[in-house]
Amino acid sequence: MEARAAVPMFLPDGGPFMTGSWHPSNPSSWSSFLSSWVNRLWGASVLSSFLAGSPMLNTLAILILGTLIEAGRRLSSWFFQRFQLRLAISAQFQQGDPAYDWILQFLTKQKVWRLARDFRVASKSSKRQWGIGAVDRGGQEDEYVEYVPTYNQPQLFRWNGYWVEASRTHMYHPANAGFPPGAVTAGSSITLHVYTWNMKALSDLVKHARLQYLQVSKPHVIIHTSDKPSYGPGMYWTDVKKKARRPLNSIILEGNTLEKILADAREFISMERWYNNAGIPHRRGYLLYGPPGTGKSSTIYALAGELGMEIYSLSLASDFVDDNFLQKASSSVPKNSIFLIEDVDCAFPSREDEDEKDKPRRGRRDEYRSFVTLSGLLNTLDGVGSEEGKLFFATTNHLDRLDPALIRPGRIDMKVEYKLATKGQASALFARFYSFKDDILPDSMHSVDEKKEHLTDGEITRLANAFAKAIPEHEFSTAEIQGYLLGFKKDPEQAAACVGEWVVAEQKRREEELQAEKEKKEKVKASKDSGQGVNGINGIVNGFPGPSASFSGRPLSSAGVAVSAAG
Ligand SMILES: Nc1ncnc2c1ncn2[C@@H]1O[C@H](COP(=O)(O)OP(=O)(O)OP(=O)(O)O)[C@@H](O)[C@H]1O
């Protein structure tokens with residue numbers, strides 16, 4: 001059936017519409033329509049009769065109609081914008097700012113995604129996403145993927161009695177600006193229009209979003225890192241991960257070290273006004289130093305969870321981090337957060353680098369392990385960005401490599417030494433390791449052979465003491481001991497029985513390693529003296545056997561892998 005156009009009411013009199021012969025697909029209908037309007041508007045009957053029936057008129061008619069439609073569209077959009085400006089409060093949230101995450105998560109909680117038609121599918125990982133899990137036929141959420149709405153289309157929803165419109169836009173930077181490959185040059189922003197005159201509605205919404213965000217992220221510690229050079233506004237922290245919050249009592253340190261750091265941080269946070277009145281920058285620096293695997297990073301993650309702070313962690317060894325980047329990234333760390341620099345000694349040349357000073361170099365990376373200079377680091381620590389209630393943490397395995405200027409009070413206010421495990425730590429680690437109940441272990445570990453009756457607390461203490469007796473004081477890191485225990489997850493008795501053998505095997509492996517290292521150095525020295533290249537020597541050195549990989553049939557390598565995974 002053919003559709004006939006309705007007769008517009010605004011026609012002054014008869015004309016082609018009224019005749020019943022008019023049809024939109026008929027070009028002569030349009031020319032008659034136009035000429036009748038020209039007639040009525042300007043009384044130009046001569047022009048009208050000249051144009052009538054002319055092919056030019058058809059083109060002109062379409063042109064004028066198109067222009068009218070476009071003008072109408074622009075006019076209505078102009079009116080809509082005025083209406084929005086008058087009747088709505090607008091707010092923009094830029095990626096890189098914490099408020100952006102609050103709003104993104106708020107939109108997810110509001111189920112605004114129900115209206116979205118555009119999703120980014122991401123596999124679930126420790127990376128933070130504010131998406132929804134796909135639901136399978138049984139009504140269960142898929143554990144592996146998450147659908148993150150892109151909000152590219154404006155979405156209208158109701159919140160607290162207000163109409164709110166949310167849209168997300170991408171901010172691109174000029175592609176030809178000569179940015180290095182992989183550089184972050186774009187970010188997103190979310191714009192909210194709250195249809196009200198009441199400004200309080202917006203602040204209530206933001207406050208609500210923030211509280212909701214804190215609630216949702218409570219069981220986690222959020223860690224922001226920087227893994228790419230960034231040229232977008234506020235886009236220094238390009239990667240976000242969430243880690244399960246670690247209970248403080250899972251960190252086993254000597255004495256009450258952890259409690260001391262926590263009490264100090266709490267006091268600092270509560271004394272903002274005092275700092276301001278005294279004219280002292282409200283910042284506090286902590287340096288945790290000691291051998292690898294003794295719990296420095298774990299301490300910081302546990303503290304962050306306890307204090308409800310997010311961590312902004314930067315590695316000075318990254319090749320895009322220079323003084324300028326460090327300064328900007330540091331000043332974009334929000335208040336009430338932890339700014340962490342791990343392995344801070346990377347900023348300075350090591351002794352080996354110093355020894356190599358006079359040799360010709362291929363490039364700047366050979367000269368220093370970082371592009372950050374001591375003065376750049378000191379400026380950052382003293383600068384505006386380091387104020388405002390932030391905690392600064394630095395870790396190092398080499399205290400002796402740090403310049404005294406870096407660790408003077410005011411920059412580093414508390415230094416904490418971490419040592420290799422004592423017998424007390426070994427025993428506490430053992431007891432904690434085996435105090436978990438069966439029900440939190442996966443079914444696969446409940447096999448008939450492995451299944452043991454629960455040991456009583458007294459028995460665990462007895463085994464823990466026997467275990468600790470075999471561990472020499474200050475010789476193994478907590479991580480190494482944990483790695484060993486991971487080989488006996490369900491077998492505390494065996495763990496206690498075999499530990500002596502493990503200690504002997506480890507000591508032997510270390511001796512061999514030391515010997516290999518010594519021989520390598522001697523060969524390098526000999527080759528230097530005889531003027532030979534180092535390459536030939538490398539071949540020989542690489543031929544040395546690696547660390548002995550097992551003892552008593554239990555692979556040490558599996559323990560090693562487990563250590564890194566356990567963090
Ligand atoms: N004191 C400790 N208490 C409990 N677990 C520990 C302790 N020390 C190390 N671990 C465990 O060992 C692993 C590595 O620890 P962590 O990364 O905190 O050590 P680190 O001192 O920061 O090492 P690095 O100097 O190499 O960064 C983690 O899985 C952690 O659980």
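The residue numbering used here restarts from 1 in each chain and proceeds along that chain's sequence as written. For this predicted model, a pLDDT threshold of at least 70 governs which residues receive local features, and a threshold of 80 or more governs which side-chain atom pairs are given and counted, while totals over whole chains, interfaces and linings are taken from all residues. Derived side-chain values reflect all non-hydrogen atoms in the structure, with water molecules and hydrogen atoms excluded from consideration.

> Describe in detail the overall build of the chain, supporting the description with residues and values.
Strands here mean DSSP runs of E at least two residues long; helices mean DSSP runs of H or I at least four residues long; both are numbered from the N terminus. In terms of regular secondary structure, the chain is built from 19 helices and 16 strands. Classification of residues uses two cut-offs on accessible area relative to the type maximum, computed with a 1.4 Å probe and protein chains only: under 20% is buried, over 50% is exposed, and between them is partly exposed. The burial tally for the chain puts 40% of its 567 residues in the buried class. Should any heavy atoms of two residues lie within 4.5 Å, those residues are considered in contact. Taking contacts inside the chain between residues at least 6 apart in sequence as the whole, the part at least 24 apart equals 71%. The protein chains shown are the only cover counted for residues, whose accessible areas, like all others here, come from Shrake-Rupley with a 1.4 Å probe. Carbon and sulfur atoms make up 55% of the accessible area of the chain, which totals about 31900 Å².

> If you had to explain the packing of helix α14 (residues 423–433) against helix α16 (residues 478–486) to someone new, which residues and values would you point to?
Whenever a helix is involved, its axis is fitted only over the stretch in contact; in every case the axis is a line through C-alpha atoms, and angles between N-to-C directions fall within 0 to 180 degrees. It is at 11 Å that the axes of α14 and α16 come closest, and there the two elements cross at 35°. Between α14 and α16 lies a crossing whose hand is right-handed. On α16, the residues that touch Gln-425, Ala-426, Leu-429, Phe-430 and Phe-433 of α14 are Thr-478, Ile-481, Gln-482, Leu-485 and Leu-486. Taken together, the residues of the contact of α14 with α16 break down into seven nonpolar, three polar and no charged. Note on convention: near helix rotated counterclockwise from far helix by under a right angle means a left-handed crossing. Clockwise means right-handed. Put simply, Ala, Val, Leu, Ile, Met, Phe, Trp, Tyr, Cys and Pro go in the nonpolar bin, Asp, Glu, Lys and Arg in the charged bin, and everything else, Gly too, in the polar bin.

> Which residues make up the environment of His-282, and what values do they have?
Along the chain, the position of His-282 falls in the loop between α8 (272–278) and β10 (283–289). For the pair formed by His-282 and Phe-268, sequence separation is 14 residues and the distance between their alpha carbons is 8.0 Å. Separated by 2.9 Å, the side chain of His-282 and the backbone oxygen of Phe-268 make a polar contact. Polar contacts here mean pairs of N or O atoms no more than 3.5 Å apart (in protein, one a potential hydrogen donor and the other a potential acceptor; neighbouring residues in sequence count only if both atoms are side-chain atoms).

> Can you break down the packing of helix α15 (residues 457–470) against helix α17 (residues 492–530) residue by residue, with the values?
Contact pair α15 / α17: the axes reach a minimum separation of 9 Å and the direction vectors enclose 5°. In terms of axis orientation, α15 runs roughly parallel to α17. Contact residues: Leu-463, Phe-467 and Ala-470 in α15; Pro-492, Glu-493, Ala-495, Ala-496, Val-499, Gly-500 and Val-503 in α17. Residue composition of the contact of α15 with α17, grouped by class: eight nonpolar, one polar and one charged. Each angle receives one of four descriptions, namely roughly parallel if under 35 degrees, roughly antiparallel if over 145, roughly perpendicular if within 65 to 115, and oblique otherwise.

> Explain the sheet that holds strand β14 (residues 414–417) to me, using residue names and the numbers behind them.
Two strands form a pair only when DSSP identifies at least two bridges running between them. If you trace the seven strands from one edge of the open sheet to the other, you get β9-β8-β11-β12-β13-β10-β14, paired in mixed fashion. Every interior strand has two partners, whereas the edge strands, β9 (239–244) and β14, have only one. Direction aside, the axes of adjacent strands within the sheet are offset by 25° on average. Seen against the sheet, helix α7 (residues 257–270) touches β10, β13 (390–396) and β14 and runs at an angle of roughly 165° to β10.

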